[in-house]
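Structure assessment
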Amino acid sequence: MTPPERPSDRAAPSVRPGAASSPSERRRPLLQVERLSKVFPVRTSLMGAPRLVRAVDDVAFYVKHAESLGLVGESGCGKTTLGRTTLRLIEPTFGRIVFEGRDITLLSQRQLRPLRRHMQLIFQDPFASLNPRMRVEDIVAEGLRVHGLTRSSRETRDEVVRTLESVGLSAGAMGRFPHEFSAGERQRIGIARAIAVRPSFVVCDEPVSALDVSVRAQVMNLLVDLQREQRLSYLFISHDLAVVRSLCHRVAVMYLGRIVEVGPTEQVFSQPRHPYTRALLSAVPVADPDRRRLRIVLDGEPPSPLEPPEGCAFHPRCWKNDHAQCASRIPTLTETEPGSHHRAACWHPGD
């Protein structure tokens, strides 16, 4: 059997215009997020007043048509909360979400429902995200029925077969339950459920982290193929930098609820400007002993979201900390070079 093609052996999917009808609409980002914040009240004692945690803090980014934006950062930095808030599965506290030119931030759930089919989510756990009591046919067909995309049971069945085949599963899978499949096959079912309603934007919440390495490569290739064929846009959340480098056109680095660096993937990987990004990249293992890089070991532990530091959130662990500006003022995302689209939130960016 021919081994699966590695994502690194393929050319990155080109950014193609989505379903926008005019040149001005095609130039406009599919998704624009402005100053988005999510604050959760947390009760730390039985009698005390709840304290506030800024899980997402003043975040801004965009995703273009048929583009993949990778979102990376250590566990607990707010990646998943940001992804779900963008879809309004979690309601934002502040900020603005513009999807296909329409502000969806304040829409009621009834007004938002027709747009749900255009914004889908692929979950991390391919088993917990599937209803164990539903057959595959019903899992994939549920969205089609809810949004009225098919006119008869036969048309629904044909659409389910087509969708399953597009993710590498046969029609014979339709009558089976999720527990009868391997982890990789279950994730393909989850992907089929997401794309069955023909979305334009998909949040991929660590979709390959629970899979074996060989299966991971196949699912990554599947996501690339689907993007090419259906002109999908991805917000790809992951802690695996190698996966993000293979799949994504641009990458955003998140730390303690804020995006600290964003730019074209190869630019961020080859010329990181934020100290936290440099520390993350230095931890990636390199197989070639002649290409060993300096390992940056950060001091201390990540600060608690309950008590974030003043100024730059990274300054207590940063070797560039000047103990004045860094500890008192929050840096904004600023282009490292004019026209580069590579931005870093650091008072002392550089090599």
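Conventions adopted
Residues numbered from 1 in each chain as written. Predicted model: local features only at pLDDT ≥ 70, side-chain atom pairs only at ≥ 80, totals over all residues. Heavy atoms only, no water. Helix = DSSP H or I, 4+ residues; strand = E, 2+ residues; numbered from the N terminus. Buried < 20%, exposed > 50% of the residue type's maximum accessible area, 1.4 Å probe, protein only. Expected span 1.5 Å × (residues − 1). Contact = heavy atoms within 4.5 Å. Pairing = 2+ DSSP bridges. Axes fitted to C-alpha atoms, helices over the stretch in contact; angles between N-to-C directions. pLDDT = per-residue confidence, 0-100. Salt bridge = Lys/Arg side-chain N within 4 Å of Asp/Glu carboxyl O. Phe/Tyr/Trp six-rings, centres within 6.5 Å; stacked < 30°, edge-to-face > 60°. Lys NZ or Arg CZ within 6 Å of the ring centre and 35° of its normal.

So, the environment of F269
Within the secondary structure layout, F269 lies in helix α9 (residues 265–270). Under the relative-accessibility criterion, F269 is labelled buried at 14%. Here the alpha-carbon distance between F269 and P126, two residues 143 residues apart in the chain, equals 29 Å.

Brief notes about helix α6 (residues 183–195)
Counted at 1.5 Å a residue, the expected span for α6 with its 13 residues is 18 Å, and the 19 Å between its end C-alpha atoms agrees. Counting buried residues in α6 gives ten out of 13 residues, a clear majority hidden from the surface. The set of residues buried in α6 consists of G184, R186, Q187, R188, I189, G190, I191, A192, A194 and I195. Buried residues in α6 make contact with β6 (119–122), α4 (136–146), α5 (153–166) and α7 (213–230).

Some details on the environment of P349
Relative to the helices and strands, P349 is located in the segment after β12 (343–344). When its relative accessible area of 43% is taken as the criterion, P349 is described as partly exposed. Those residues in contact with P349 that sit more than four places away from it in its chain are R273 and K320.

Regarding the sheet that holds strand β10 (residues 258–264)
Backbone-to-backbone hydrogen bonds pair the strands of a sheet. The strands run either parallel or antiparallel. Reading across from one edge, β6-β7-β8-β3-β9-β10-β12-β11 is the order of the eight strands in this open sheet, with mixed pairing throughout. With partners counted over all chains shown, the strands left at the sheet margins are β6 and β11 (334–335), one partner each. Relative to β12, β10 is paired through two bridges, and the arrangement is antiparallel. If you follow V262 over to β12, its bridge partner there is R343.

Quick look at the sheet that holds strand β5 (residues 102–103)
Taken in spatial order, the four strands of this open sheet run β2-β1-β4-β5, and their pairing is antiparallel. In this open sheet, the two edge strands, each paired with only one partner strand, are β2 (51–63) and β5. The pairing of strand β1 (residues 31–42) with β2 spans nine bridges and is antiparallel. In the sheet register, L36 faces β2, and the bridge partner there is V59. Along the sheet, helix α2 (residues 79–86) contacts β1, β2 and β4 (94–99); its crossing angle with β1, the most-contacted strand, is approximately 120°.

Re the side chain of T163
As for its placement among the helices and strands, T163 is situated in helix α5. Here T163 falls in the buried class, since its relative accessible area comes to 1%. The contacts of T163, once residues within four sequence positions are left out, are V140, A192, I195 and A196.

Observations concerning the confidence of the model for the protein chain
Chain-level pLDDT for the protein chain is 88 on average; 90% of the residues reach the 70-or-more range. Mean pLDDT across the secondary structure elements of the protein chain bottoms out at helix α1 (residues 23–27), with 57, and peaks at strand β8 (residues 233–237), with 98. Predicted confidence is poor over residues 1–22, with pLDDT under 50, and the contacts of this stretch with residues over four places away or in other chains come to 38 contacts.

Focus: the pattern of salt bridges
Tallying each qualifying case throughout the model produces 18 salt bridges. A salt bridge links R317 to E74; its shortest N-O distance comes to 3.7 Å. Here E74 lies in the loop between β3 (68–72) and α2 and R317 lies in the loop between α10 (275–282) and α11 (325–328), a separation of 243 residues in the sequence. Assessed through its relative accessible area of 25%, E74 is described here as partly exposed. With its nearest N and O atoms 3.8 Å apart, the salt bridge here joins D138 to R145. Judged by relative accessible area, which is 29%, D138 ranks as partly exposed. Overall, R145 belongs to the partly exposed group, its relative accessible area being 47%. Linked by salt bridges that have partners in common, E34, R96 and D103 make up one network.

Details of the packing of aromatic side chains
Using the criterion set out here, one finds four aromatic pairs in the structure. The interplanar angle of 50° and the centroid separation of 6.4 Å between the aromatic rings of F99 and F201 together place this pair among those described as tilted. Pair noted here: F99 is in strand β4 and F201 is in strand β7 (residues 201–205), with a separation of 102 residues, a long-range link. Each member of the pair, F99 as well as F201, is classed as buried. One aromatic cluster in this structure is built from Y255, Y276 and F314. For the cation-ring pair, R176 lies above F181, with the distance from its terminal atom to the ring centre recorded as 4.1 Å.

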